[in-house]
Each structure stands twice: as C-alpha cells, then as structure tokens.
Amino acid sequence: MTTVLAPMEGTAVGLAAVPDPVFSAGMVGPGTAIDPLRGPGKAVAPIAGKIMKLHPHAYVIVGDDGKGVLVHLGIDTVQLKGAGFQLLAAEGDRVSAGQPVVAWDPSAIEAGGRSPVCPVVALDALSEELTGVAEGTVHVGDELFSWG
C-alpha cells in the first residue's frame, strides 16, 4: 500500500474540479487535486522515492515499489517556461516524503490568468485502487489517498 501525502496546503477538490479536460476526465490517471493556499510556498514530495521527471511546473516521483505520483503545479503553467518557479531538488535525486521540491507562488499564477489548482495523480493506476481520498482542508503531509 502506497500512502500519498499532500504536497501543499489547501483544499482537496477532486480531479473533476480541475479546469483541464485531460486531468478532470482522469486520462492522466486517478487521484485528486488541491486548490492551494495563496502566497509563496513550497511543493513537497508526496511519497519517498526518486525524482524521475522534474520541470518547474510539474514533477514525478517513483517509489521503491515502482509506483509513480505526478504533481502538476497549476494548469497551463508549462507556458510560463519556468518563470515563477524555483527548483529545490534535481531530477534523479532521492527524496523523502515531505521534502521540498519546488518553490512557487499560487497567487502569482492566478494573477497571470491561470488556475493554480494542482492535480496529484497516481500514474498507471486504476481509480478503484485508490482509497481514502481526502476532501476539504489538507495540510502538507496529510494523507491525500492510499493506493494499492
């Protein structure tokens, strides 16, 4: 069983609330989304493992069990080409759950006309494999969902 922790503080709103059809329809995979608190903050590793992909706006961490979790910071943020994001880790790093990966400011994303909502997706999973999906207020390190 893999326990995925909240990578930021905010409100768990579910993937259906993501203003992007690829995420909201679950095409990337099942999971949930967090509407983050506004203001500068850090997005942390939701599981322990290796950072397999790291972009300023998104990262994938794969645990020792081979399960991968995608954290996407806002919607259409790839268009920012890294502006407003600061990498705090490197691709290939091993991280602990809760370790900061990217510093960013959701309010700046929103001020630029983009949604700061953050999908947290269990890659290569089936929706029925997820249990205990959080709703409402979440703090960094709270259980977001379990998988497996």
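Residues numbered from 1 in each chain as written. Predicted model: local features only at pLDDT ≥ 70, side-chain atom pairs only at ≥ 80, totals over all residues. Heavy atoms only, no water.

Caption draft 1: Geometry of the overall build of the chain. When helices and strands are tallied, the chain shows two helices and 14 strands. Its C-alpha atoms give the chain a radius of gyration of 14 Å, within 12% of the compact-globule value 15 Å for 148 residues. Here the C-alpha coordinates of the chain stretch approximately 40 × 30 × 25 Å along the principal axes. Every one of the 148 residues in the chain was classed for burial, and the buried ones make up 45%. At a minimum sequence separation of 6, the contacts of the chain that also span at least 24 residues come to 69%. Of the roughly 6600 Å² of accessible surface on the chain, 53% is carried by carbon and sulfur atoms. Taking the average place of the 8 positive charges on the side chains of the chain and the average place of its 16 negative ones, the gap between the two points comes to 9 Å. (Helix = DSSP H or I, 4+ residues; strand = E, 2+ residues; numbered from the N terminus. Rg over C-alpha atoms; globule rule 2.2 N^0.38 Å. Buried < 20%, exposed > 50% of the residue type's maximum accessible area, 1.4 Å probe, protein only. Contact = heavy atoms within 4.5 Å. Areas by Shrake-Rupley, 256 points an atom, 1.4 Å probe, with all protein chains shown as cover. Lys, Arg positive; Asp, Glu negative; His and termini not counted. Charge placed at Lys NZ, Arg CZ, Asp CG, Glu CD.)

Caption draft 2: Examining the pairing of strand S10 (residues 100-104) more closely. Across the five residues that make up S10, a large majority, four, are buried. Taken together, the four bridges between strand S4 (residues 41-44) and S10 define a ladder with antiparallel strand orientation. When the bridges of S10 are listed, Val-44 appears paired with Pro-100. Where strand S8 (residues 85-87) and S10 come together, three bridges link them in antiparallel fashion. Along S10, the bridge assignment pairs Gln-86 with Ala-103. (Pairing = 2+ DSSP bridges.)

Caption draft 3: Spotlight on the pattern of salt bridges. Enumeration over the complete set of coordinates arrives at three salt bridges. For the salt bridge of Glu-110 with Arg-38, the shortest nitrogen-to-oxygen distance reads 3.0 Å. Of this pair, Glu-110 sits in helix H2 (residues 106-111) while Arg-38 is found in the loop between strand S3 (31-36) and S4, placing the two residues 72 residues apart along the sequence. The exposure class assigned to Glu-110 is partly exposed, which follows from its relative accessible area of 39%. (Salt bridge = Lys/Arg side-chain N within 4 Å of Asp/Glu carboxyl O.)

Caption draft 4: Quick peek at the environment of Ala-6. Counting through the fold element by element, Ala-6 comes out in the loop between strand S1 (2-5) and strand S2 (10-12). Accessibility expressed as a relative area gives 1% for Ala-6, which makes it buried. Here Ala-6 is in contact with Ile-34, Val-44, Val-138, His-139, Val-140, Gly-141, Asp-142 and Leu-144, once residues within four sequence places are set aside.

Geometric values such as these leave the question of function open.
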